[in-house]
Amino acid sequence: MAVDELQAIIQRCQILEEADFKGEDFNLFQVAGQKCLEDGYAAQLLEVIQNEKNKVIIKNMGWNLISPLVRCIFMYKQEDDKRDHCLKILDQLAQLCNPKELFLGLLEQIEQTSGEQVCQTVMLLLQPLQTVLLKLQNKKAYSVGLSLAMIVNQLTPLPVPYTKQQIQEDKLGLCQCCNAVVDFAKPFVNQVVKNMEKSSEYNDMELKEELLKFCMKSLKYPLLTAQLEQLEGIEEHPFRHFATEIIDILWDIRELIPLVFLHHKGKSPHWENQEFADIERKDSADSLACLSYLMFVQHFGVDCFPMVFSPSYLLQCNMTHIEVLMKRTEESVLSKGLDLFESCLLRMEDNSLLHQYLEFRGFINVPQDLVKVMTLCPIEHVRKKSLNILQLFIDKFDLEGKHTLFRCLLKTSNHAGVEGYIIKNIKDQVHLSLTKACDNIWFTGHHLISLLDLVLLLPEGAETDLLQNSDRIMASLNLLRYLVIKDCESDNQTGVWTTLAKIEQNFLKPLHVGLNMSKAHYEAEIKNKKENRREAHGSNTVSSVTVSGEKLPAMTTEMQLQVLHSALFTFDLIESVLARVEELIEVKLKAVMDEN
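Owing to the predicted nature of the structure, the values given are computational and were not obtained by experimental measurement. Each residue is numbered by its place in its chain's sequence as written, counting from 1. Side-chain atom pairs in this predicted model are given and counted only at pLDDT of 80 or more, local residue features only at pLDDT of at least 70, and totals for whole chains, interfaces and linings cover all residues. Only hydrogens and water are set aside when side-chain values are computed; all heavy atoms of the structure are taken into account.

What the protein contains, in helices and strands, is 25 helices and 4 strands. Going through the 596 residues of the protein one by one, you find that 49% of them count as buried. Across the protein, the fraction of contacts at a sequence separation of at least 24, relative to all contacts at a separation of at least 6, is 73%. Methods summary: accessible areas were calculated by the Shrake-Rupley approach with a probe of 1.4 Å, and residue burial reflects only the protein chains presented. For the protein, the exposed surface amounts to about 29600 Å²; the carbon and sulfur share of it is 51%. The helix count covers DSSP runs of H or I at least four residues long, the strand count covers runs of E at least two residues long, and both are numbered beginning at the N terminus. Think of it in three bands: residues with accessible area under 20% of the maximum for their type are buried, residues over 50% are exposed, and the middle band is partly exposed, with areas taken using a 1.4 Å probe on protein chains only. Two residues form a contact once any of their heavy atoms are found within 4.5 Å.

Here it is as C-alpha cells:
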C-alpha cells in the first residue's frame, strides 16, 4: 500500500541527519508520494507533511511532489475533497520546502505546461511561487524577473479575446490570469517603492528593472492587440483593469513619465546578434506605442500627467508611436494608431501647426502610411476613418505647411483617387485665398504655379491610362475651370493666365489626343465583342476583359459590354468638362482682346 511505503521511507529518514540524505532517499520519497496522490491518499499524505517530526524531510524532499500534485489537482473535480487536500498540500509545501529548490520546481512546472492548461497552471502556482520568492534572500530580483518572464512567455502564444462575447466567455482564462499575475507582482512593487526613498541599493534597482521589463512585455501582450474600449454589459472590463494596474506599477516605480517623454526603456542587454537586437528594439517600440495609446486615447494614468505641454509638442512626441502602430496590418493594432493620431490632432486648433514640423521624419511618413491604409486596407470603416484623419491633419497646418504637404503627397501617393482628393484641397485653399481679404502667398502667384505644375499635366502624356487616372484628371479640370472663372486675366492673382501656354502644352493638348485614342480603342473593343456575340449566337459565353491594365474576373459578353460602355461614359464626362474649360478660356481671352 502506497501510504505504508511512504511511512517506511519517512521513518528511515527521520533518524538521519539532513546532510546524510542520499539521492536514493529523494527518489523513493518522490515515487511513494506520487503513488499516494494517484491512488487517492492525499489526506494521508497531508498528515505526513503536517507532522512536525517530518519538517526537515519535507524541507529537502517536498519540492519533488509538485509535478504529480499539479496533475492530480487538475484530475479531480472542483468540489472533490481530494482536490481540496491537494491544494492544502501545495500550500504546505510553499511554507516548508527549501525556497530555492521549490522555486525551480514551480518554474519548471509552468514551463512544461501548454495549450488550454497554461492559464489554469499559472493561476494555480502563482500563490506558492509568490510565497517562495518573498522568502528568497539571494538573487530575489533575478528570480522575480525570471518568474515574470516565464509566465508572460507561456501566455503570449494564446489568442487574446477581442469581441464582447469572447471577453465574457474568457475560454482559456487569459483575462483572469493576466490580472492574477499583476496581483502576484504587487508585493515586489511595494518593496521597490518602500526602499526607493531609503537607498539606491543595487538589488532594489535590479528588482525595479525586472518590474519595468514585465510592464513593457505586458504592454505588447496582451494590451497591444486587446479590445480596450468600454463595452456595454461588462461592468469591469478585464483588460481595462489590467491596463490600469500596469500604468499604476509604472507610476509607482517612477518610470511612467520617462517612458512617455524620454522613450527610456530600461537597461537593454548588448546583443552580439543583430537579429536579437532588432527584435528587442521592435518589441520596445510596440510597447511604448501601446503606452501612448493608453494614456492619450483611453486616458489611463491621466491624473499623473503634467498638463503643461502644448498640443503640437504632444503630437510630435507621439508621431513615432503612431508610425509604429500604423505599419501594422491587424485591425486591433492599426485602429489604435488611427485613434492615437486623431486624439492628438483634435487637441489642436486649425491652422496652428507650424510648417517646420514637416522637417521631422514622422510628419512625412505618417501621412504616407495613412494613404496606404486608405487605398489598401480591406476594412471599409478603417479606410474611411483614415481619409477623415488625413483631412484633419491637413487642416491643422499653417498655409506653408499645407502647401508643402500637398506637394509631398502629390509626388508620393501614386494613387489617382488620393491625388484627386489633394487637388480638391488645393482648390479649396485657392478659394479661401481669393475670397478672403488676408494676403495668402502660398496659394496664389508663383507658389500656386509650383503646385499647378504637378497637377495640370498627364504623367505619361497622351499615353496616360485615362480610365485609371480619371479621378485625378477630373479634379485637375475642375480646379482649372475654377481658376479661369474666378481669376480675371487683368488681376491674374493665381498666375494661371501667365502659364496658360504651358498648361495647354502639358495637359490640355495631350488630354485631347489621349481621349481620342482611348475612345477609339474602347469603341473597337465594343464592336469586336458585339461581332463575337453574334457569331456565338448568345450572350452567355464567359471570358475575361482587361480594363486599365487589370484583368477583370471572368464574365459574360453582356457584362463585358457594360464595363466597356461605362469606360466610354467616363471619357465622355472628361471630354465635356475639357470642352467647357476650353470654352471659358476662349471667352475670357476674347473679352480681353475686345477691351484692348
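Having seen it, we continue.
Relative to the 24 Å expected for 17 residues at 1.5 Å per residue, helix H23 (residues 470–486) spans 24 Å between its end C-alpha atoms, a close match to the ideal helical length. Taken across its 17 residues, H23 has 12 buried, putting it largely inside the fold. Among the residues of H23, Ser 470, Arg 472, Ile 473, Met 474, Ala 475, Ser 476, Leu 477, Leu 479, Leu 480, Tyr 482, Leu 483 and Val 484 are the ones counted as buried. Working rule for helices: expected span equals 1.5 Å times residues minus one.

Before going further, it helps to examine the environment of Gln 127. Structurally, Gln 127 can be placed in helix H8 (residues 118–135). When the C-alpha positions of Gln 127 and Leu 90 are compared, they lie 9.7 Å apart, and in sequence the two are 37 residues distant.

Look at helix H20 (residues 399–412): 20 Å from first C-alpha to last across 14 residues, which is about the 20 Å you get at 1.5 Å a residue. All buried positions along H20 are accounted for by Gly 401, Lys 402, His 403, Leu 405, Phe 406, Cys 408, Leu 409 and Leu 410. Considering only its buried residues, H20 is in contact with helix H18 (361–376), helix H19 (380–396), helix H21 (416–435) and helix H22 (445–455). Residue Asn 414 follows H20 closely and has a positive phi angle near 55°.

Whenever a helix is involved, its axis is fitted only over the stretch in contact; in every case the axis is a line through C-alpha atoms, and angles between N-to-C directions fall within 0 to 180 degrees. Where H8 contacts helix H11 (residues 174–198), the axes come no closer than 10 Å and their chain directions differ by 5°. Between H8 and H11, the crossing angle belongs to the class labelled roughly parallel. Facing H8, whose interface residues are Cys 119, Val 122, Met 123, Leu 126, Leu 129, Gln 130, Leu 133 and Leu 134, H11 presents Leu 174, Gln 176, Cys 177, Ala 180, Val 181, Asp 183, Phe 184, Pro 187 and Phe 188. For the contact of H8 with H11, the class distribution of residues is 14 nonpolar, 2 polar and 1 charged. Any angle from 65 to 115 degrees is called roughly perpendicular, while one under 35 is roughly parallel, one over 145 is roughly antiparallel, and all others are oblique. Gly is put with the polar residues, along with every residue not named as nonpolar or charged; the nonpolar set is Ala, Val, Leu, Ile, Met, Phe, Trp, Tyr, Cys and Pro, and the charged set is Asp, Glu, Lys and Arg.

Let us now look at the packing of helix H6 (residues 81–96) against H8. Taken N-terminus to C-terminus, the directions of H6 and H8 make an angle of 15°; their axes are 9 Å apart at the nearest point. Accordingly, the angle class assigned to the pair H6 and H8 is roughly parallel. Once H6 is placed against H8, the crossing between them reads as right-handed. In this structure, H6 uses Leu 87, Leu 90, Ala 94, Gln 95 and Leu 96 to contact H8, whose residues at the interface are Leu 124, Leu 125, Pro 128, Thr 131, Val 132 and Lys 135. Throughout, a crossing is termed right-handed when the near helix is turned clockwise from the far one, and left-handed when it is turned anticlockwise from it by less than a right angle.

Our next topic: the nonpolar core. One recurring pattern in soluble globular proteins: nonpolar side chains tend to sit buried together. Here, nonpolar core means buried Ala, Val, Leu, Ile, Met, Phe, Trp, Tyr and Cys residues that are tied together by side-chain atoms lying within 4.5 Å of each other. One finds Leu 294, Leu 315, Phe 341, Ile 426, Leu 477 and Leu 511 to be the most contacted residues of the largest nonpolar core, which totals 188 residues. Per-element tally for this core: the top contributor is H11, with 12 residues. Beyond its immediate sequence surroundings of up to four residues, Leu 294 is in contact with Leu 219, Leu 223, Leu 228, Ala 243, Ile 247, His 299 and Phe 300.

Take the pattern of salt bridges next. Here a salt bridge means any side-chain nitrogen of Lys or Arg lying within 4 Å of a carboxyl oxygen belonging to Asp or Glu. Inspection of every chain in the model, using the stated rule, returns 25 salt bridges. Of the charged contacts in the structure, one is a salt bridge between Lys 208 and Glu 255, with a shortest N-O distance of 3.4 Å. Placement of the pair is Lys 208 in helix H12 (residues 202–223) and Glu 255 in the loop between helix H13 (238–252) and helix H14 (256–262), with a sequence separation of 47 residues. The pair formed by Lys 208 and Glu 255 is uniform in burial state, with each residue classed as buried. Taken together, the salt bridges that share partners define one network made up of Lys 220, Lys 282, Asp 283, Asp 286, Arg 328 and Glu 330.

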